[in-house]
Amino acid sequence: MKFFFSVVQLHVENNQHKSSVVVTADVYQAVDLVLTLCDAGDSVVMFAPYYFNAYMSFQMTGVTNILVGPGDPKNLHPDADWLEKTFFENKPTPKLVTVVNPGNPSGTHIPEPLLKRISALCKDAGAWLFVDNTYEYFMYDGRKHICIEDDHILNIFSFSKAYGMMGWRVGYIAYPTDVPGLTDQILKVQDNIPICATIISQHLALYCLEVGPQWVTNQVKDLVKNRSLLLDALSPLGSDAVRGGEGAIYLWAKLPDQYKDDDFSVVSWLAHKHGIAVIPGSACGGPGYVRISFGGLQEEQTATAAARLKKGLEQLVRNGIVE
Ligand SMILES: Cc1ncc(COP(=O)(O)O)c(C=O)c1O
């Protein structure tokens, strides 16, 4: 059974007025979309540091040419000038461009003018723009997440993070209704992979929409305290080492230069010696960096984790990896 959602949420919250919605259940909805929009051998664009699951969904669906654009070194915003040049230089045109807003692994927020410029470049080039809005309600310091809508844009949303429903497996795609054939192709993929999200999950998701996003906003607002604790824990890396954290639940930090090609050893050592789990930047197209999450623990546990991380990083900077 395919179950189409109420679109009230999209109108009110996400400024989507012409889109249709399909509820998804697969591990990561991008796989559905890549299968719908791309053919084996196509090229696609993403920006570093990228969300590793998006990269893997391209790999596992036969997209052979994954063009990874740079982020601005100061704020990690996707480099739109690079995108313009890439469209100009690469024929056939890349089929799809994807961004995560706010980002995983960096927590960087893409401001509206930049998102619109990326969208305009995609439209002119005849490429799809696929925006992952999983962290739409995880915004800090007065920033506001926005969605844009057009005939070349697909937005994905998830209940996993905002409503803590990871294991329930439910999210949705908002896609342009007016594009001929698109609904058929999305449903073809949907009907052959998950078929549908389980009914019980859809009921819970519907209930979440009825309760409304204010509940999420209340849960999320204190995460800035966790972020502060972890920013302090990262201070041994130097005053210019940390980026992101404007949204989502992540900070992105540069390790000392000697670990540029071996962030994995640092991550492994932090886990085994200091009891701290972070993600190596090399998994996200950013070798020499680490991703730190501030979303998974209560404040008190975060303080414990931050103390361990700080001790580990002080040792790393002072003595290197000493077992
Ligand atoms: C950017 C991003 N998109 C999608 C997902 C996965 O969402 P879902 O659980 O709905 O597949 C995650 C989970 O970590 C994520 O960080």
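Note that the coordinates shown come from a computational prediction; the quantities given were computed from them, not determined experimentally. (Residues numbered from 1 in each chain as written. Predicted model: local features only at pLDDT ≥ 70, side-chain atom pairs only at ≥ 80, totals over all residues. Heavy atoms only, no water.)

Taken as a whole, the chain is organised into domain 1 (4-211) and domain 2 (214-317). Between domain 1 and domain 2, the C-alpha centre-to-centre distance is 26 Å. Opposite the 26 residues of domain 1 that make contact, domain 2 presents 22 residues. Taken over both partners, the interface formed by domain 1 and domain 2 buries close to 2100 Å², and the fraction arising from carbon and sulfur atoms is 62%. Summed over the three residues of domain 1 that lose the most area to domain 2, namely Phe52, Pro105 and Tyr140, the buried surface amounts to 27% of that side. Our count for the contact surface shared by domain 1 and domain 2 stands at 1 salt bridge. (Domains from an automatic or database assignment. Contact = heavy atoms within 4.5 Å. Buried area = accessible area lost by both parts, 1.4 Å probe. Salt bridge = Lys/Arg side-chain N within 4 Å of Asp/Glu carboxyl O.)

Here the focus is the sheet that holds strand E4 (residues 96-100). Taking strand neighbours across the sheet as the criterion, the 7 strands line up as E1-E7-E6-E5-E4-E2-E3 in an open arrangement whose pairing is mixed. Two strands bound the open sheet, and with one partner strand each, they are strand E1 (19-24) and strand E3 (65-69). Each strand of the sheet is rotated relative to its neighbour by a mean of 20 degrees, with strand direction disregarded. Note that E4 and strand E5 (residues 128-132) share 5 bridges and pair parallel. Residue pairing for E5: Val100 is matched across the bridge by Asp132. Across the sheet, helix H4 (residues 80-89) is in contact with strand E2 (43-47), E3 and E4; its angle to E2 comes to roughly 170 degrees. Along the sheet face, helix H5 (residues 112-125) touches E4, E5 and strand E6 (153-158) and points at about 150 degrees away from the line of E5. (Pairing = 2+ DSSP bridges. Helix = DSSP H or I, 4+ residues; strand = E, 2+ residues; numbered from the N terminus. Axes fitted to C-alpha atoms, helices over the stretch in contact; angles between N-to-C directions.)

As for its position among the elements, Lys123 is in helix H5. Along the sequence, Lys123 and Val45 sit 78 residues apart, while their C-alpha atoms lie 14 Å from each other.

Turning our eyes to something else, we now look at the pattern of salt bridges. Counted according to the given criterion, the structure contains 13 salt bridges. The residue Lys123 makes a salt bridge to Asp150 at a minimum N-O spacing of 2.9 Å. Of this pair, Lys123 sits in helix H5 while Asp150 sits in the loop between E5 and E6, and the two are 27 residues apart along the sequence. The partly exposed category is assigned to Lys123, whose relative accessible area is 45%. Residues participating in the shared-partner salt-bridge network are Asp39, Asp42 and Lys95. (Buried < 20%, exposed > 50% of the residue type's maximum accessible area, 1.4 Å probe, protein only.)

One finds Phe138, Phe159, Leu230, Leu234, Ile292 and Leu309 to be the most contacted residues of the largest nonpolar core, which totals 49 residues. The element best represented in this core is helix H11 (residues 299-319), accounting for 5 residues. One finds Val34, Leu154, Leu182 and Ile186 within the second-largest nonpolar core, a separate group that totals 25 residues. (Core = buried A, V, L, I, M, F, W, Y, C linked by side-chain atoms within 4.5 Å.)

This part covers the packing of aromatic side chains. According to the stated counting rule, one finds 11 aromatic pairs in the structure shown. Centre to centre, the rings of Phe157 and Tyr172 are 5.0 Å apart; their planes meet at 20 degrees, and the pair counts as stacked. Of this pair, Phe157 sits in strand E6 while Tyr172 sits in strand E7 (residues 171-176); the two residues are 15 residues apart in sequence, bridging distant segments of the chain. For Tyr172, a relative accessible area of 3% puts it in the buried group. Each member of the aromatic cluster is reached from another via a ring pair, and the members are Phe157, Phe159, Tyr163, Tyr172 and Trp215. (Phe/Tyr/Trp six-rings, centres within 6.5 Å; stacked < 30°, edge-to-face > 60°.)

Right, let's talk about helix H9 (residues 223-233) for a bit. Those residues of H9 lying buried are Leu223, Asn226, Arg227, Leu230 and Ala233. Mapping the buried residues of H9 onto a view down its axis gives an arc of 115 degrees, with all of them on the same face. The elements touched by buried residues of H9 are helix H8 (214-220), strand E9 (250-254), strand E11 (289-293) and H11. (Arc of directions from axis to C-beta.)

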